[in-house]
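Per-entry structural report
Listed below are the residues making up each chain.
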Amino acid sequence: MDDLRTRTAPGSRRLGGPTGDDHLDISTAPTDTAEDIAPLGVPHRFRSGSGAFRDRAAQVRYWIVLGALLVLAAGFALGLLAIDNPMPVGSRGFWLIAEMRATSLVVMGVAAFCQAVATIAFQTVTSNRIITPSIMGFESLYTVIQTGAVYFLGVAGVVALQGTGQFLLQVALMVALSVALYGWLLRGKYANLQVMLLIGIILGGGLGSVSSFMQRLLTPSEFDVLTARLFGSVTNASVEYLPYAIPLCLVAGVLVWLNARTLNVISLGRDVCLNVGVDHGRQTIYTLVLVSVLMAVSTALIGPMTFFGFLVATLTYQLAGTHDHRRLLPVGVLIGFVVLAGAYFVMNHVFYAQGVVSIIIELVGGTVFLVVIMRKGRL
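None of the values given here were measured: they were computed from a predicted structure.

The next subject is the packing of helix α3 (residues 92-126) against helix α9 (residues 242-258). Their axes nearest at 10 Å, the elements α3 and α9 cross at an angle of 30 degrees. It follows that α3 is roughly parallel to α9 by the angle criterion. The crossing of α3 and α9 is left-handed. Facing Thr103, Val106, Val107, Val110, Phe113, Cys114, Val117 and Ala121 of α3, the residues of α9 in contact are Leu242, Ile246, Cys249, Leu250, Gly253 and Val256. For the contact of α3 with α9, a count of residues per class yields 12 nonpolar, 2 polar and no charged.

Next up, the structure:
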């Protein structure tokens, strides 16, 4: 029995069994307790996981990426303004040509802003990084409007769709369709986001079929004119649209950014939202309405660009290295502008080809989409 007993130093105590024969080798002396239970406790150095970044290195990497994107955006913008300008630098003619090119840069900025903010917010509220807001039928509605104008009015229909009134009408129709869809399918007892997305796909497919039917009845010359309008292009935008497009996208984008903390909670799921007191249904509808405004402005301004938003959002998640939407959104906007401006710069000044850049962007975006699908979202 003496061999089973543990000798203790004077002034210390040991926990023993009920009979005093079986002693546990855990000291209750103040000087020994910390050493005895240290292997059982939590680490002395805590790792913070509640911030916007995993660690200091991720934060530094974010600011490096942001700075590099700013440099690239400024470089492409200056290149598009100054390179191949036939007039002497600083002359009146030089600035007139630069001003005309600056309009295209503003249109690129508006499109990049709308597509990036809308896609990131949409993927957050739907908890899916594969789908994009175009799934709700915005582009199909735009195609129907353009095709219907040419079908009923001929080539003059394209001219009839030019002007501020027609631009605002297209935006209003797209927003009204989406708001009606959200109000119908996201309220009530059987509100379901997946059903809403499914019906959006069906409506988009139906509108696309109507457009295809009307396109088959057009003459070759009318079809050529229509095709040029159905590709997303900066040339589709007019200067007179910008005083209305810029305030609309800024208001919607700022509201999304102010709601960034709520989006962080929504990204954790419906159950977490309910536990912390966030009205998931109301916040989802609110965000989707803002997304519809952004997508309507972008589509009515330059035309449909299906995979552009997906490409920008995917690159944003990879480069930003954070879950915080207050930091994701600025990076997304910069990436969108760099992709658009860079594509136009390379197309015009490297390959010397005056083509529709959106075709190349859609090709790259579609390829990235297939890669994400094949890798099951591991990108």
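A few words now on the packing of aromatic side chains. A full pass over the atoms with the stated rule returns 7 aromatic pairs. Ring centres of Phe76 and Phe345 lie 5.7 Å apart, and the angle between their planes is 50 degrees; this geometry places the pair in the tilted category. Of this pair, Phe76 sits in helix α2 (residues 56-82) while Phe345 sits in helix α14 (residues 325-349), placing them 269 residues apart in sequence. For Phe345, a relative accessible area of 17% puts it in the buried group.

End to end, α9 covers 24 Å across 17 residues, agreeing with the expected 24 Å (1.5 Å per residue, within 8%). When α9 is considered as a whole, its buried residues turn out to be Leu242, Ala245, Cys249, Ala252, Gly253 and Val256. Buried positions in α9, seen along its axis, are confined to an arc of 120 degrees and lie on one side of it. More than 90 degrees from the buried face of α9, the exposed residues found are Pro243, Val251 and Leu258. For α9, the elements touching its buried residues are α3, α6 (164-185), α10 (260-266), α12 (280-302) and α14.

By secondary structure assignment, the location of Glu240 is in the loop between α8 (220-230) and α9. By relative accessible area, Glu240 is classed as partly exposed at 39%. When the C-alpha positions of Glu240 and Gly163 are compared, they lie 7.4 Å apart, and in sequence the two are 77 residues distant. For Glu240, the contacting residues outside a window of four places in its chain are Gly163 and Thr164.

Cut-offs and rules
- Residues numbered from 1 in each chain as written.
- Predicted model: local features only at pLDDT ≥ 70, side-chain atom pairs only at ≥ 80, totals over all residues.
- Heavy atoms only, no water.
- Axes fitted to C-alpha atoms, helices over the stretch in contact; angles between N-to-C directions.
- Helix = DSSP H or I, 4+ residues; strand = E, 2+ residues; numbered from the N terminus.
- Parallel < 35°, antiparallel > 145°, perpendicular 65-115°, else oblique.
- Left-handed = near helix turned anticlockwise from the far one by under 90°.
- Contact = heavy atoms within 4.5 Å.
- Nonpolar A, V, L, I, M, F, W, Y, C, P; charged D, E, K, R; others polar.
- Phe/Tyr/Trp six-rings, centres within 6.5 Å; stacked < 30°, edge-to-face > 60°.
- Buried < 20%, exposed > 50% of the residue type's maximum accessible area, 1.4 Å probe, protein only.
- Expected span 1.5 Å × (residues − 1).
- Arc of directions from axis to C-beta.

Worth remembering: the numbers are spatial, not functional.
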